[in-house]
Amino acid sequence: MDHFLYRDGILHAENVPLPEIAAAVGTPFYCYSVATLSRHYRLFDEALSWGDHLVCYAMKANSNLAVVKLMADLGAGVDVVSIGEYLKAKAAGMPGERIVFSGVGKTRDEMRIALEGGIRQFNVESEPEMIALNEVALSMDTVAPITVRVNPDVDAKTHAKIATGKSENKFGIPISRAHEVYAMAAAMPGLKVVGIDVHIGSQLTELEPFELAYAKVAELTRDLRAAGHEITRLDLGGGLGIPYARSNEAPPLPTDYGAMVQRVLGDLDVEVEIEPGRLIAGNAGVMVSKVIYVKEGEGRRFLILDSAMNDLIRPSMYEAFHDIVPVVEPEPGKDLTEYDVVGPVCESGDTFAKGRVLPDFKADDLVAFRSAGAYGAVMSSEYNSRPLIPEVLVSGEHFDVIRARPTFDDLINRDTIPVWL
Ligand code: LLP
């Protein structure tokens, strides 16, 4: 459930009509709901309440400072994958002891900054990274807490570009080599092993792949303990999917996920960490856009919007489906039309949907892309010199701009022309 509902025929974000925000900030814009973000965090927190746990929001999904601050206030931690995310998390008030650092290519500089600022753990993904972290920690006269990310070779049954748990993917160390790698870590005085990490992919719509991976991690926990390693924490990654289309098929809920985790790992006496991103932020956000033209093509009708692939790249990049709805609810029984929904960017890849059945639109009508709160604004760019679009946060009757639209001067002044030119 989210908080984007029609009231008196107008789509609202919580208690704010979206046209009111459009009038204040212009289109296109992203809009997020505090009530939905909070609700999704709490669902996970409750689903794991049978044991010691920390929900570490994967801020790659939506790294706006206001969103991260909300998570920090709710008691969440964060999963970061770059020092940029780490510094944003700190700036949003996230304590270092609630930040986990993932990613296959952490640099020594990034390690140093995180060790200085405080860190819950590094999720180490390779032997060379382990050697580097040990050296950095020793040079700072400190000890880095680590888990090792294992690759369980499990098919996550999701889009190939976002599956991470198969042996052909670049992530983690093969689980078959775990013993060797943990022995190596134990011999490094700059590292302290605290647990095991696994993340098999994103937008998973079944529990089975998670269960297969977690069962392997449970077995590994027992084996590593028997070999004398202290495994007190299991980081289970993120990946639980969300419904993008309004169909009968609904991915499992956090409650089902939490019950499965308890069944598979509940008797291990470990602290459980999870790193959900999409399920917390995805359905907590919409992108609102305006119709520029309705164009009649050869046997097709194009709905040309003022937003484009640079603002929301998921349809172009992953053939992802986003529900597109009118902001003003059409009267029941009104005609429906098939549209190719496109943006103004100069390539055919700038297509949000083909042959989408929608109510009749005319120029200046507002449309909303649902489920755009995760991997929307964070993946946007200024391609075609289109300034990034603003982000707005709603809570009850209140709304505020949490990232302003850059001006054209900002855009121009970002570049410099060498004096010799
Ligand atoms: N933890 C790690 C180590 C990850 O790599 C990811 C996502 C997550 C947690 C969060 O997964 P989530 O709960 O959000 O599924 N841009 C793509 C998604 C890429 C996901 C990358 N890793 C998209 O728009 O679908």
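Residues numbered from 1 in each chain as written. Predicted model: local features only at pLDDT ≥ 70, side-chain atom pairs only at ≥ 80, totals over all residues. Heavy atoms only, no water.

Digging into the pairing of strand β9 (residues 144–151)
- The element β9 is extensively covered by neighbouring structure, given that eight of its eight residues are classed as buried.
- Taking every second residue as pointing to the same face, both faces of β9 are buried, with Ala-144, Ile-146, Val-148 and Val-150 on one and Pro-145, Thr-147, Arg-149 and Asn-151 on the other.
- Once you follow strand β8 (residues 121–124) into helix α6 (residues 127–139) and on to β9, the crossover reads as right-handed.
- In terms of strand pairing, β9 meets strand β11 (residues 191–197) through six bridges, oriented parallel. Bridging across to β11, Thr-147 finds its partner in Gly-195. (Buried < 20%, exposed > 50% of the residue type's maximum accessible area, 1.4 Å probe, protein only. Helix = DSSP H or I, 4+ residues; strand = E, 2+ residues; numbered from the N terminus. Right-handed = clockwise from strand over helix to strand, strands pointing away. Pairing = 2+ DSSP bridges.)

Here's the deal with the pairing of β8
- Residue alternation in β8 divides its side chains into two sets, Gln-121 and Asn-123 and Phe-122 and Val-124, and both sets are buried.
- Relative to β8, strand β7 (residues 99–101) is paired through two bridges, and the arrangement is parallel. By the bridge assignment, Phe-101 is partnered in β8 with Phe-122.
- Once the chain exits β7 it traverses helix α5 (residues 108–117) before rejoining the sheet at β8, and the crossover so formed is right-handed.
- Relative to β9, β8 runs parallel, the two sharing three bridges. The partner of Val-124 across the bridge, within β9, is Val-148.

A few points about the environment of Asp-8
- Looking at where Asp-8 falls in the secondary structure, it is placed in the loop between β1 (4–7) and β2 (10–13).
- Relative accessible area serves as the criterion here: at 83%, Asp-8 is assigned to the exposed category.
- The spatial distance from the C-alpha of Asp-8 to the C-alpha of Tyr-375 is 30 Å, given a sequence separation of 367 residues.

Some remarks on the packing of helix α7 (residues 178–186) against helix α8 (residues 208–226)
- Contact pair α7 / α8: the axes reach a minimum separation of 11 Å and the direction vectors enclose 45°. When the interaxial angle is binned, α7 and α8 end up oblique. In terms of crossing hand, the pair formed by α7 and α8 is right-handed. Of the residues in α8, those in contact with Ala-178, His-179 and Tyr-182 of α7 are Leu-220, Asp-223 and Leu-224.
- Partitioned by chemical class, the residues of the contact of α7 with α8 number four nonpolar, one polar and one charged. (Axes fitted to C-alpha atoms, helices over the stretch in contact; angles between N-to-C directions. Parallel < 35°, antiparallel > 145°, perpendicular 65-115°, else oblique. Left-handed = near helix turned anticlockwise from the far one by under 90°. Contact = heavy atoms within 4.5 Å. Nonpolar A, V, L, I, M, F, W, Y, C, P; charged D, E, K, R; others polar.)

Some words on the domain arrangement of the protein chain
- Here the protein chain is partitioned into domain 1 (4–31 + 282–413) and domain 2 (34–279).
- For domain 1 and domain 2, the distance between their C-alpha centres works out to 32 Å.
- With 23 residues of domain 1 at the contact, the number on the domain 2 side is 22 residues.
- Each partner contributes to the roughly 2,000 Å² buried at the junction of domain 1 and domain 2, and carbon and sulfur atoms together form 54% of this total. (Domains from an automatic or database assignment. Buried area = accessible area lost by both parts, 1.4 Å probe.)

Describing the packing of aromatic side chains
- The final tally for this structure, using the stated rule, is eight aromatic pairs.
- On the numbers, 5.9 Å between centres and 40° between planes, the contact of Phe-210 with Tyr-214 is tilted. With Phe-210 and Tyr-214 both in helix α8, this residue pair falls four residues apart, about one helical turn. You'll find Phe-210 and Tyr-214 in the same group, each marked buried.
- Following the ring pairs from residue to residue traces out a cluster consisting of Phe-44, Phe-210, Tyr-214 and Tyr-257. (Phe/Tyr/Trp six-rings, centres within 6.5 Å; stacked < 30°, edge-to-face > 60°.)

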